[in-house]
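Now for the letters of each chain:
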Amino acid sequence: MNDKRIGIIGGMGPEATARFYLKLIERTSVSTDQDHFRVIIDSNPKIPDRTAAILGEGESPVPYIIETGKTLEKAGVDIACIPCITSHYFFDEVQAGLDFRIIHAIKALNRYVKSEYPQVKKIGVLSTTGTVKTAIYDKDLNGLEIIYPDDSTQAENVMQAIYGEEGIKRGNHGMKPLGLLRIAANKMIACGAELIIAGCTEVPIVLKQEHIDVPLIDPMDVVISELIGE
């Protein structure tokens, strides 16, 4: 049972990686420890910041992500994932550098939304500025209208919630980042968003379904479904 070997290219960031692994454990149907998947994780927080690289303000993370993936390759993983949405901007380069299949989180999300929410036409996305600028959601969520926060809300709410002095990446999970993200989400809902995508792996650490009035989807939950074959 559950014989395939799963890899996680992690560290972007470390907490998101740990939470992803815990979710994977929780979602796996088992009777004993031995029923769980063999999971190889390389949590490498030394990978350069993906948003900075996309904005032309930092070093490319690609060689570091591939180097991290090589750890998993040597361990013989059958399939892997990257619990960092922004890094999917570099997906094709990374996949080309590794011999095992990596699940593309946004393409998996596209399949899920079309299957589970066929009536939805407008989707709001909470993600880093780097991810917004890449338009990777627009590219891979085909046939859907993507709504992003306006520039000031993106800077003052979303990025502050993730990167700010009281942000999630600094270990703060309280009302400050939650409040900032709720404001951003509700503005997109007011603009017609019929569901919200937690488009950065830090977002669902604080923003939960009970905080907004439309469906909230974490792409990493979708990735887990594909990993375990649900």
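Structure: above.
What counts and how
Residues numbered from 1 in each chain as written. Predicted model: local features only at pLDDT ≥ 70, side-chain atom pairs only at ≥ 80, totals over all residues. Heavy atoms only, no water. Helix = DSSP H or I, 4+ residues; strand = E, 2+ residues; numbered from the N terminus. Pairing = 2+ DSSP bridges. Contact = heavy atoms within 4.5 Å. Axes fitted to C-alpha atoms, helices over the stretch in contact; angles between N-to-C directions. Phe/Tyr/Trp six-rings, centres within 6.5 Å; stacked < 30°, edge-to-face > 60°. Buried < 20%, exposed > 50% of the residue type's maximum accessible area, 1.4 Å probe, protein only.

Our focus in this paragraph is the environment of Gly 174. Residue position: Gly 174 is located in the loop between helix H8 (151–163) and helix H9 (175–190). Note: C-alpha distance between Gly 174 and Thr 28 (146 residues apart in sequence) is 29 Å.

As a further point, take the sheet that holds strand E2 (residues 38–43). A sheet is described by the order of its strands in space; here 4 strands give the open sequence E2-E1-E3-E4, paired in parallel fashion. What marks the edges here is a single partner per strand, and that holds for E2 and strand E4 (101–102). Judged from the 6 bridges that link them, strand E1 (residues 5–10) and E2 form a sheet pairing that is parallel. Residue pairing for E2: Gly 10 is matched across the bridge by Ser 43. Strand contacts of helix H1 (residues 14–27): E1, E2 and strand E3 (79–81), with the helix running at about 175° to E2, the strand carrying the most contacts.

Bringing the packing of aromatic side chains into the picture now. Applying the stated rule across the entire model yields 2 aromatic pairs. Centroid distance Tyr 89 to Phe 90: 4.9 Å. Interplanar angle 90°. Geometry classified as edge-to-face. The exposure class assigned to Tyr 89 is partly exposed, which follows from its relative accessible area of 42%. Taking relative accessible area as the criterion, Phe 90 reaches 7% and is therefore assigned buried. On the basis of an interplanar angle of 65° and a centroid distance of 6.3 Å, the ring pair of Tyr 112 and Tyr 117 is categorised as edge-to-face.

Attention shifts here to unusual backbone geometry. Omega for the bond connecting Met 12 with Gly 13 falls within 30 degrees of zero, at -5°, which places this linkage in the cis form. Structurally, the position occupied by Gly 13 is in the loop between E1 and H1. For Ala 135, which is not glycine, the phi torsion reads 60° and is therefore positive. Among the structural elements, Ala 135 can be located in the loop between helix H6 (129–134) and helix H7 (136–140). Among the residues examined, Ala 135 registers a relative accessible area of 29% and is labelled partly exposed.

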